[in-house]
Every structure is written in structure tokens, then in C-alpha cells.
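The primary structure of each chain is shown beneath.
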4 protein chains.
Amino acid sequence: MYEWHWHLEWQTPYEFHGHAISKVIAEQRTPYQRALLVEFYRFGKALILDGKIQSSVVDEFIYHEALVHPLLLSLNYPENVLILGGGEGATLREVLKHKSVRKATMVDIDPVVIDFAKKYLQEWHQGAFDNPRTKLVIEDGSKFVRETKETYDAVIIDLTDPIKDSPSQLLYTKEFYEDIKKITKGGIVTQATSPSFSLDVFSVVYNTLKQVFKKVSVSIVYVPAFDGLWGFVYASDNSNPIELSKEEVDKRISERIEGKLRFYDGETHNTMFSIPKYIREFLENEKRISTMSNPIAVPA
Amino acid sequence: MYEWHWHLEWQTPYEFHGHAISKVIAEQRTPYQRALLVEFYRFGKALILDGKIQSSVVDEFIYHEALVHPLLLSLNYPENVLILGGGEGATLREVLKHKSVRKATMVDIDPVVIDFAKKYLQEWHQGAFDNPRTKLVIEDGSKFVRETKETYDAVIIDLTDPIKDSPSQLLYTKEFYEDIKKITKGGIVTQATSPSFSLDVFSVVYNTLKQVFKKVSVSIVYVPAFDGLWGFVYASDNSNPIELSKEEVDKRISERIEGKLRFYDGETHNTMFSIPKYIREFLENEKRISTMSNPIAVPA
Amino acid sequence: MYEWHWHLEWQTPYEFHGHAISKVIAEQRTPYQRALLVEFYRFGKALILDGKIQSSVVDEFIYHEALVHPLLLSLNYPENVLILGGGEGATLREVLKHKSVRKATMVDIDPVVIDFAKKYLQEWHQGAFDNPRTKLVIEDGSKFVRETKETYDAVIIDLTDPIKDSPSQLLYTKEFYEDIKKITKGGIVTQATSPSFSLDVFSVVYNTLKQVFKKVSVSIVYVPAFDGLWGFVYASDNSNPIELSKEEVDKRISERIEGKLRFYDGETHNTMFSIPKYIREFLENEKRISTMSNPIAVPA
Amino acid sequence: MYEWHWHLEWQTPYEFHGHAISKVIAEQRTPYQRALLVEFYRFGKALILDGKIQSSVVDEFIYHEALVHPLLLSLNYPENVLILGGGEGATLREVLKHKSVRKATMVDIDPVVIDFAKKYLQEWHQGAFDNPRTKLVIEDGSKFVRETKETYDAVIIDLTDPIKDSPSQLLYTKEFYEDIKKITKGGIVTQATSPSFSLDVFSVVYNTLKQVFKKVSVSIVYVPAFDGLWGFVYASDNSNPIELSKEEVDKRISERIEGKLRFYDGETHNTMFSIPKYIREFLENEKRISTMSNPIAVPA
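Residues numbered from 1 in each chain as written. Chains lettered and ligands numbered in written order. Predicted model: local features only at pLDDT ≥ 70, side-chain atom pairs only at ≥ 80, totals over all residues.

Asker: Before we move on, can you summarise the interface of chain A and chain C with the specific residues and values?
Answerer: With 15 residues of chain A in contact, the opposing surface of chain C contributes 15 residues. For the side of chain A that touches chain C, the elements supplying multiple residues, two or more each, are strand 1 (5-12) and strand 2 (15-29) of chain A. Ranked by the residues each element gives to the side of chain A that touches chain C, the list is headed by strand 1 of chain A, at six residues. Broken down by class, the residue content of the side of chain A that touches chain C amounts to nine nonpolar, three polar and three charged. (Contact = placed C-beta atoms within 7 Å. Helix = DSSP H or I, 4+ residues; strand = E, 2+ residues; numbered from the N terminus. Nonpolar A, V, L, I, M, F, W, Y, C, P; charged D, E, K, R; others polar.)

Asker: I'd like a rundown of the nonpolar core, residues and numbers included.
Answerer: Counting residues in hydrophobic clusters, the biggest one holds 355 residues, and the most contacted among them are Ile 156 and Val 233 of chain A, Ile 156 and Val 233 of chain B, Ile 156 and Val 233 of chain C together with Val 233 of chain D. When sequence neighbours within four positions are dropped, the list of residues in contact with Ile 156 of chain B reads Leu 67, Val 68, Leu 71, Val 81, Leu 82, Ile 83, Thr 91, Val 95 and Val 189 of chain B. (Core = buried A, V, L, I, M, F, W, Y, C linked by C-beta atoms within 7 Å. Buried ≥ 20, exposed ≤ 12 C-beta atoms within 10 Å, placed from the backbone.)

Asker: Could you give an account of the relation of the copies chain A and chain B, with specific residues and numbers?
Answerer: What relates the pair of chain copies is a rotation about an axis plus a shift along that axis. Superposing chain A onto chain B takes a rotation of 180° plus a shift of 0.0 Å along the axis, which leaves an RMSD of 0.0 Å. Here the two chains are linked by the operation of a two-fold rotation axis. Here 100% of the contact residues of chain A are again contact residues in chain B; the copies associate through an equivalent surface. (Least-squares fit on C-alpha atoms with pLDDT ≥ 70 in both.)

Asker: Could you give me a rundown of the interface of chain A and chain B, with the residues and numbers involved?
Answerer: Between chain A and chain B, the residue contacts involve 30 residues of the former and 30 residues of the latter. Among the elements that make up the side of chain A that touches chain B, the one with the highest residue count is strand 2 of chain A (six residues). By residue class, the composition of the side of chain A that touches chain B is 13 nonpolar, eight polar and nine charged. Across five bridges, the pairing between strand 2 of chain A and strand 2 (residues 15-29) of chain B is antiparallel. Residue pairing across strands places His 19 of chain A opposite Glu 15 of chain B, the latter belonging to strand 2 of chain B. (Pairing = 2+ DSSP bridges.)

Asker: Tell me what's going on with the pairing of strand 2 (residues 15-29) of chain C, and back it up with residues and numbers.
Answerer: All names here are of chain C. As paired elements, strand 1 (residues 5-12) and strand 2 share six bridges and run antiparallel to each other. Counterpart to Trp 6 in the pairing with strand 2 is Ala 20. Here strand 1 hands over to strand 2 after two residues, the two strands then running antiparallel side by side. Alignment of strand 2 against strand 3 (residues 34-40), held across seven bridges, turns out to be antiparallel. Bridging across to strand 3, Ile 21 finds its partner in Phe 40. Joining the antiparallel neighbours strand 2 and strand 3 is a turn of four residues.

Asker: Now, about the sheet that holds strand 10 (residues 184-191) of chain C: what can you tell me, with residues and values included?
Answerer: All names here are of chain C. In spatial order, the strands read 8-7-6-9-10-12-11; together these seven strands make up an open sheet with mixed pairing. Two strands close off the open sheet at either side, each with one partner strand: strand 8 (134-138) and strand 11 (215-223). Between one strand axis and the next, the sheet turns through 15° on average, direction left out of account. Bridging between strand 6 (residues 80-85) and strand 7 (residues 103-108) involves five bridges; their strand directions are parallel. Counted as the bridge partner of Leu 82 is Thr 105 from strand 7. (Axes fitted to C-alpha atoms, helices over the stretch in contact; angles between N-to-C directions.)

Asker: I'd like a rundown of the domain arrangement of chain A, residues and numbers included.
Answerer: Residue and element names in this part refer to chain A. Structurally, chain A comprises domain 1 (6-56) and domain 2 (60-284). The distance between the C-alpha centroids of domain 1 and domain 2 comes to 23 Å. Taken residue by residue, the interface counts 21 residues in domain 1 and 17 residues in domain 2. At the level of elements, strand 1, strand 2, strand 3 (34-40), strand 4 (44-49) and strand 5 (52-56) are the ones that each hand at least two residues to the side of domain 1 that touches domain 2. For the side of domain 1 that touches domain 2, a count of residues per class yields ten nonpolar, nine polar and two charged. (Domains from an automatic or database assignment.)

Asker: Give a description of the environment of Ile 183 of chain C that names residues and reports values.
Answerer: Residue and element names in this part refer to chain C. By the element assignment, Ile 183 lies in the loop between helix 6 (174-182) and strand 10. The spatial distance from the C-alpha of Ile 183 to the C-alpha of Glu 65 is 23 Å, given a sequence separation of 118 residues. For Ile 183, the contacting residues outside a window of four places in its chain are Val 145, Thr 148, Glu 150, Thr 151 and Tyr 152.

Asker: Let's hear about the confidence of the model for chain A: which residues, and what values?
Answerer: On average, residues of chain A carry a pLDDT of 96, and 100% of them reach 70 or more. Taken over the whole predicted complex, pTM reads 0.92, whereas the ipTM for its chain interfaces reads 0.94. (pLDDT = per-residue confidence, 0-100.)

Asker: Report on unusual backbone geometry, specifying residues and quantitative values.
Answerer: One non-glycine residue with positive phi stands out, namely Asp 165 of chain B, at about 65°. Here Asp 165 of chain B shows up in the loop between strand 9 (152-158) and helix 6 (174-182). The backbone of Asp 227 of chain D shows a phi angle near 65°, a positive value even though the residue is not glycine. Here Asp 227 of chain D shows up in the loop between strand 11 (215-223) and strand 12 (228-236). Among the residues examined, Asp 227 of chain D registers 23 C-beta atoms within 10 Å and is labelled buried.

Asker: Requested: an account of the environment of Leu 8 of chain C, with residues and values cited.
Answerer: Residue and element names in this part refer to chain C. Residue position: Leu 8 is located in strand 1. Accessibility expressed as a C-beta count within 10 Å gives 19 for Leu 8, which makes it partly exposed. Between the C-alpha atom of Leu 8 and that of Ala 20, which follows or precedes it by twelve residues, the distance is 8.7 Å.

Asker: Run through the relation of the copies chain A and chain C, naming residues and quoting values.
Answerer: Aligned on chain C, chain A shows an RMSD of 0.0 Å; the corresponding rotation is 180° and the shift along the axis is 0.0 Å. Most of the interface of chain A is mirrored in chain C, where 100% of its interface residues are also at the interface.

Asker: Any details on the arrangement of the chains? Residues and values, ideally.
Answerer: If you take every C-alpha in chain B and every C-alpha in chain C, the smallest gap between them is 9 Å, and the two do not touch. With no contact formed, the shortest span from any C-alpha in chain A to any C-alpha in chain D equals 9 Å.

Asker: Go over the packing of helix 8 (residues 246-256) of chain D against helix 9 (residues 266-273) of chain D, please, and point to the residues and values.
Answerer: Residues and elements named next belong to chain D. Packing of helix 8 against helix 9 leaves a shortest axis separation of 7 Å and a crossing angle of 130°. Taken as axis vectors, helix 8 and helix 9 run oblique relative to one another. Between helix 8 and helix 9 lies a crossing whose hand is right-handed. Counted together, Lys 246, Glu 247, Val 249 and Asp 250 of helix 8 and Gly 266, Glu 267, His 269 and Asn 270 of helix 9 form the full contact between these two elements. By residue class, the composition of the contact of helix 8 with helix 9 is one nonpolar, three polar and four charged. (Parallel < 35°, antiparallel > 145°, perpendicular 65-115°, else oblique. Left-handed = near helix turned anticlockwise from the far one by under 90°.)

Asker: An account of the sheet that holds strand 6 (residues 80-85) of chain B is requested, with residue identities and associated values reported.
Answerer: The strands that make up a sheet are held in pairs by hydrogen bonds between backbone atoms, and each pair lies either parallel or antiparallel. Residues and elements named next belong to chain B. Ordered in space as 8-7-6-9-10-12-11, the seven strands form an open sheet in which the pairing is mixed. A single partner strand is all that each edge strand has here, and the edge strands are strand 8 (134-138) and strand 11 (215-223). The sheet shows a mean angle of 15° between the axes of neighbouring strands, direction not considered.

Asker: Tell me about the pairing of strand 6 (residues 80-85) of chain A, and please be specific about residues and values.
Answerer: All names here are of chain A. When you tally the buried positions in strand 6, you get five out of six residues, the bulk of the element. A crossover connection joins strand 6 to the parallel strand 7 (residues 103-108) through helix 2 (residues 90-96); in handedness this β-α-β unit is right-handed. For strand 6 and strand 9 (residues 152-158), the ladder comprises five bridges, and the chain directions are parallel. By the bridge assignment for strand 9, Ile 83 is matched with Ile 156. (Right-handed = clockwise from strand over helix to strand, strands pointing away.)

So this is what it looks like as C-alpha cells:
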């Protein structure tokens, strides 16, 4: 018998991937989005927001380790970390593995998704929301950045893709990055969409950050549940993960991280930060930047 | 209006990817397979054999460069090269870029696919079939290997996946690799299926080759048209691409290759041969091997 | 944005229909089947058992009225009615509209589905399970028929399709119909699968019943949620719905039925019992019968 | 192995049907549409225009017989028949079966589709284009109707659905029907889209024709390749197919038609013209009409 209960994830009007659903665990409509928590045959438990798989229990470690650790390990024992977005709590979980971190502030716009995560996504947050170093703020990330009085050693931007006219779209612009820079002492990282499906967005985010910070680099990983490559951009005026050697990465992991990493180590660092020639050439030739008046967007 | 003409590529009974077809160029049933040449919105012209995209005009360079150049550049000016499979002629094209190569023998079982390629896949072979250094043999690869009197500097195995009960399945076994070794002076490479969809096949091929050759390594690339990662295994008793430094790769490319490469260079070499931690651990723990009596197969 | 949450209903390996799901209401695995209650954009609330839409709130009235009323109105004021299957409770609901009915016994194999129906399918049963004339028996229908001491004025067979090796398959055989005949004083009706997707099953059921009863007729209706035509076979030794005129149908409805019908009346009777020429010829030429040793099955 | 080459026919953004393609026979882009001729496992050879199955070799007889014969048999030996649209030539083929017809004029806007039909759709037209009684005119149907000097015994409107902003949309309006009436002595029929997917269009066409003609009726058939019901509206000031008895239909077929009918006869007439209660009520309550300034359209 053929599978009949499906999630069809559309990357463009010409492409979609079908994942068979073995079970629906929970469904919730929030003022911001439609959340569905399912079990996939291939990926196990997975969170879908507005038709996009956010992360799955079997491979979320790839995305979250790649987002968090290269940045934090490139900095000088970061203590005060800000996370924008990151509703599942897994980015928070990875940040808290760093022994140097004294305070992790997570700012998310959608209280319903946070409650949903607390209740259903135990495998993701693993109690991180209750960690005494955690501070949770329900607020629009852009407003928080403009109004906060604090400065941070690291800012981790873990937002949904810049979908046209969505709340996230303006959080991938030069003006927003300038606001971020004002509150950052160390460095920042942002997820930068899929080089497989929106290479131009990835490269515009990279080029936009180059206008604001002195040292900017990218990494690329393959995430099965995202059906392709995923990109990150790291930016700072002082240091940058790309400068770390394989050996230095392994050394810092053993010194500074509590708990096991499954994806990131020295050799993985090499594969992430070495960029295939045709993508490298595309990035180098990028001239566009994303601004409030002309923000980049992923294909609808 | 929604797209209505589709190729649905099934990776497992629980997964498929849909690619919209803008045009059908040619269709052909052969005694061995059903060939369809289409134009995709995303990938342009693409060859589909038995429901599997073999390669597309926009990204075939990734697969074919990754298959051919690391092996040939790791060897000492290879002259006599054997290709098993490789119907489109693009593997042949890449081999012929090596100035040292004096003879490239390509052995393919399916004459109808070869004629189809000659007629329709000009962008792939780019005239390689007519190169005076090319020798084309229509024969079962396993029979050819047992009967040939020649020895080769390099053997490149570019066959369809080991589908259960297909002609290719037994060409991923220890016994076949032993036969290959008898006719090889330098080194060999085989495509080794997708680490995304058949990680166990990839790792069994790796472990099987480790039983036969002294130096064995893997590389992994992301191929958009294959909807995930693709793996290769390189094997030799003397040398191995993984031993090449980034700088040495760039040097050998400029000395030994005629024509431009789009994918492979020193930095790409680093990303291909650095394996993410979780895949590395999987490979290292592999104990199974593929044999004639118990051959590995991809999921049906 | 494209719809992403889908039910794909496979009619054959070459055909499926996709229905977008707006909401999942409940899911339940029973020892017999996997039940999913969803909301479709097109059909509203709908019950899916093992990947087959059983009925939807917007069009279940077509199937259930067509199943029940032609038979009961063709009989002489039936009092004691037996229903085999009919888990949703809608067949029961229609039977209870007949003022002559004093007792409606419903026999279903799956207690979990019955509890599911009582709890979630209020729009279907509309309280029928609690009607004092209702008697609910959880038991295998075939066992019940062999062991009951009662006889019935009408037997209504509302089972899942004869899927190969499913519990239902043997309840479409000559032997089973002979068992049924022993406990029937008036007439019987069975759902007979889709003339669109399994015309041969429909016609074999028809021909099988002709071996057991003197008067046998078919009707065909179009049910949107079934994505095609649906067939019924009515059988009796004494009377048969096909003998009713349009006017007589309207007269009996007004005399004998309490509550409004939305589908069935005299003119609908004419369209149901007049069979298009090409189907009629197919039915007339049917020679096969379904037996315990060689039971008919729908395509897997 | 799962089928991988598919036609997905979208009825609405929430519904589609997938038909597996066994072979592509021909593809053609015209200035008006994209034509694809395929072989389906279920339906055999089938013509697809702009993503909509126009007709398939195994069931086109249902649509074409239902369109043509009730109208022509209700008239008094029609001699001069006009067909608007009908590119495949099958409507023409059915018209020519009437011995009384002396001239059949077919007007179609798309010469490329006509050439395509002549070349590839032999099973449809069966030589009808070469019949000496046939007159083929390549022209916009609405222009032809306004400019012709002839009058016709019957006008058969066999156009694509009223898709928003397509050439056909205005040919389902009151004004167009008034133009048609001026050149019609007997009666007319139009295809009227699917009561399953666009019941409102069907009923608006019915109500619009009631404003222009004295006697108007509808018939409904089930066409497998259209994945649902299909509707027709017949209109005249003098006579109407709905007035024919079953016996009269059979008599006129045997007297006036040359060659065998597979779908239409007296009993089929009864099932076509008897309308299920819920559709009948919908039709009777329709108040809207389609006009040039406010034309009806099928869902995009």
C-alpha cells in the first residue's frame, strides 16, 4: 500500500519534496503562523511552520551546531549571548554548552510557538528554557535590538527565511545589521537560507554583511530535512571562525564545551568553511545588498 | 496556473522529489532501461533512466569532475584509463582533459543509450566519443574486466546504483573489485550512491574496498539534481587523492589539465575530502562487506 | 503559497488524487486500521481509514441515502433491519428515518472506530447510537450472520472494500451471501466498490448475487469524495427497488420517512437505476463469481 | 518501483489528480496553448491542453456522444450543423453519423491544434476532416458567428472552459448566446464545465441560456478522464431533448444514425437527463447570469 499522508514542501513553483507522515502529534495556529508537529518516517519528529520544515529530531543537530559553535569558539570566552528567534530552544541548548556563557537572552516574537516548544519539543530544548542562565523575552527582534541597553559578546540570528512581507524580511538588511553592530562587542552569525534554492539570497546576505563588518565569512552544510545545502554568514570586526585551524577547533571544543557534539569538530570545520569553486565565484561576484527600501526575499 | 507535467523521483517509499518538466525532448525504451530526456525548469536538459535523474546540464559538472579529477591527479601522469559505464560521455570528456591520457576505453552495456547520448547529449559528451584517443566498447563491464588483456593506470567505475537484481548490483562486490585490481596499475574510483539516502551502501562500498586495496578514501559532494549528497570511494595500493594538499591540487590542475574546471580545485578538494563527524563515525564503524553471495543494494 | 499538507489517495499504482488538509482533528491506530479525521478545504470534515476517504461531511448523504432508502422503500414496511459495518453511524441514522423500523442492529468489528465515531463524528451519526431502537454489536460480521437466531426484513452491507487479505474480502462471496439469505425475509443491499476504478469488482459482486437471489439490480451514484462513481447491488427473491416508478418513490418517501432527504427522490431514483450503455453491457457479459476459494479483490 | 512520470491535473489549489504517463507521443506549443499528447496507463492516448485533459481514447466517446446526439435527435432531421471548437475532430465525427446532415461546419481558432489533431489524433477524428460534408474554418468562433450569412439547424459549442481572460470566456455570455440564436433555426448545445468542480459555472450557464431560449435543459454524465461529472446545456425555442422518451430515443437512433453508439441510448438518456435532487435544487435556485461585462469563470 502506498503512503497517503504527506507533507509536500514547495521550494519553488517548479520543485517540491514529499515526505510521508506517520503521525500527527500536534497542530496549532498562532497569529503569526501555522505550526504542525509530525512524525516522519525518514526524520522522526519534525516541526513544520507555514509549510516549511524547521527542524527534525534526527538532524537538527547539524543546523544548530553549525550555527552556534564556530562563532562562539572564534570569540574570546563569550559571556553574554543574544539569540534572535530560535523558537525550538535548540540554539539556546547549544549556546548553554559553552562554559563561558553566563547569560543567554533569547528573543522570539511568537509566544504560542514558545509554549508549543516547551510542551512538545523536549528533544530540542532539553530543558534549556529552564536553565538559570536563560532569559526569555517575547518581543519583536528588531524592536528589542533598537531598545536594549545591554551589549553582547555574540549575537545569533536564527530567524525564519526572509519571505516577502513577513516579519523576518527586514531582519536581513544593512540597516538591521548596523543596529546589531551597535550592541555587539564580539561577533555575529545569521542563518542565510539555502544555497541550493536561494543562492542569491545567501550571497546578498554575505555581501550586505561585508558592508557593515570587517571580517565576514560563510559556511555551508547539508541538512537532509532541508532538502539541500544550508548557509550561514559570520561577521565581526575582530575575529572570525574561518581563521581557526582544524587543530585549534578541536582544542577549543575540548576546553570550552560541556557535553558531546555530534556534528562539529576540526574536520567538519574544514568541510564547512571550504567552499566549492562555483559557489565561491558566485559569492565573490555579488554586488547587490539588502536594504530596508529594497530588501531581498526568498522565492515565494 | 500550477505546473502539471512532473517527474516524481522516489528515493524511498516515504520520500519523493517533484521536478516540473517544461518540455520532453526524447523518449526511448531499451532492452535495459527506459530513457527520457526532458527539460526541467530548474535544471535545464536532464537525462532520466528508469525514473532516476542521471545528470542535468546545469550541474553534471559537479559529479563528473568529482569522479574523475581527484583520482587522475593523484596518479603519476596516467596514460591508459578505463571507464566502466558513463553512458552520457561526460566522464569520458573529463578524462580526455588530462594531457597525459593517451587512451580512454569506455565500456557500456547499453548500445541504445550510447546512440541516444551521441544524438541528444551534445552538451555532455562535447564530441568526446569522436576523440581519436577514445575507444568505445559495447559489452558487460564485468565480462570486459575478466577478459581484457590490458592493464590500466586508472579505472573509473561510473555505473548505475546497485539496484537489487539489476546488472549493476554485482559490480559493487569484493570479488569484482579483486578482478579490477588485477588490471589496475594505479588506482580506481567508484561512484558510491548517496550518503543522504543510502548511507549504508556508501559505507559498505568503502569497507569492501578497504578489504582489497591498501589506501582507500571517500569524498562527498552535494549534487542538486540528485537531491542530496553524493559519495565516491577512491582506492589504490600506492597513492590516494586524500594525501594531496590544497596547493598541490591547484598546481597539478594547472600543469596537467587542458580546459577549465568549474567545480574542482584545491579548496573544493578540502571540502570534498573533509567528512562531517557523524558520517565519519558511521564509516569507521562499518563492518559489513558486499560480496557476490550477499551483495548490497539501494532501497527499492 | 502552495498547499503543503495533503492526503494522497491512491486508486491504483497509476492514479492518485490529492486533497489538501486544512486541519487534523484526530488520529487513532486500532488493531484493524489507521483512522484519521481531518478537515479538507473541499469536503470539510472527513474520515480516512487506511488511506481511503470513508465519507465526508459535505457529501456523505449521497452514499448513505443511496445505500439505505431504495432497499427499505422497496420492502413492505420493514421492521427489523441489520447493518453490517457502517462505523460512522450514518447508515444507522438513515435506517432510523424509516417510521416502520422497530429495531436496527448494527454489527461492526472495530470497537475503537465505533468509539472514535461516537466521540468525533456527531455530524454523521446525529445521536443514532443512542436511539432506543438501536442495538450495537461489536463482532465480526460473518460470525454474527452465522450465529444469529433472528431473521431480518432487510440486511444492509456497508463494509470496507474487498481488499486482498483484509477481514472484509470474504464478505463479498457467494457463500457469505448464502449465509445472509438464510436470515433475510425481505431484501439486501451491499456497497459494491467503484465502477470507475474497479468495474470488474462491481460486476462480479452483481453476478455473484444473481447466483443467490432471484431479483438483483444495481444503482450507480457519483460521490465527489470518492473521486468517481460508486456502485450498489440490491438483491431479493420478492421485490426490488428497480421496479419502483419515479412517482411511487416520491409517494413512499412522503409516507414512510421522517426527516428530509437531500439526495434521494423519484427523479434521483431514475438517474441511479438507469445504467449507461457501456457499463450495462459490461455487467451483462460478466461470467465470474466471487467465492471463498477464489474471492474477488480491489486493486492493491 | 513507483511510477515517476506524471500528469498532475489541478482542479483547484486544494485538489489535483495524478495520472501516470507511460509514454509521451508529441508536444507542441501554439500561440494559444501548450499541447501534449501522451499515453496514460489508465486512459491510453490522451490529449492535454494547458494542463487539462481534453479527452482520452478510452472514454472520449462519452463526452462526444452526450454532446452531439441528444440535440440532433431532438431536432427534425437537421441538415446544416455548426460546431464551434472541437479541435480533436470527434464532435465532427459524431455529427457526421447523422444521415440527415448535409453540411458540418467546424470553426476553430487554433490552426496548430487542428494540424496536430489531423496528424496524431486519428482515433478521434477517424477521417472526419476529409469527409466531403465537412467544412473547416480557422477563425475566432465569436467573429464567425457575428459575420456568417448562413443559418444552422443545430449549433454545437465545444469550447475550452471559460478560464478567466482566455479567448473562450466571453463565449459563455448572454450576448454571445443572443448572437448564436440569430443564426439558429433548431437548437443548440454547449458543454458547461464540471458540476463536480464548478457547479456554479454549470448553473450560471443554464440560467443564462434560460434568458435567451424558451426551452432549456441540462444533462450530466460522468467522464473518468475528467475526474468527475460533466455538464451540458441544451437550448431551443421549439423542441428539447429532455422531452424525448426512452423508447423514442432508441427509435430515432436506429432510424437516423449510421454506425454504432457506445454510450448513448434510451436508458442512458434517462440517466443523463434525470438530475440528482441536490444538483436540481442548486440549478433551480440560480439567479446569476453571465454577461460580457460580468462573465463567469472557472476557478483558476
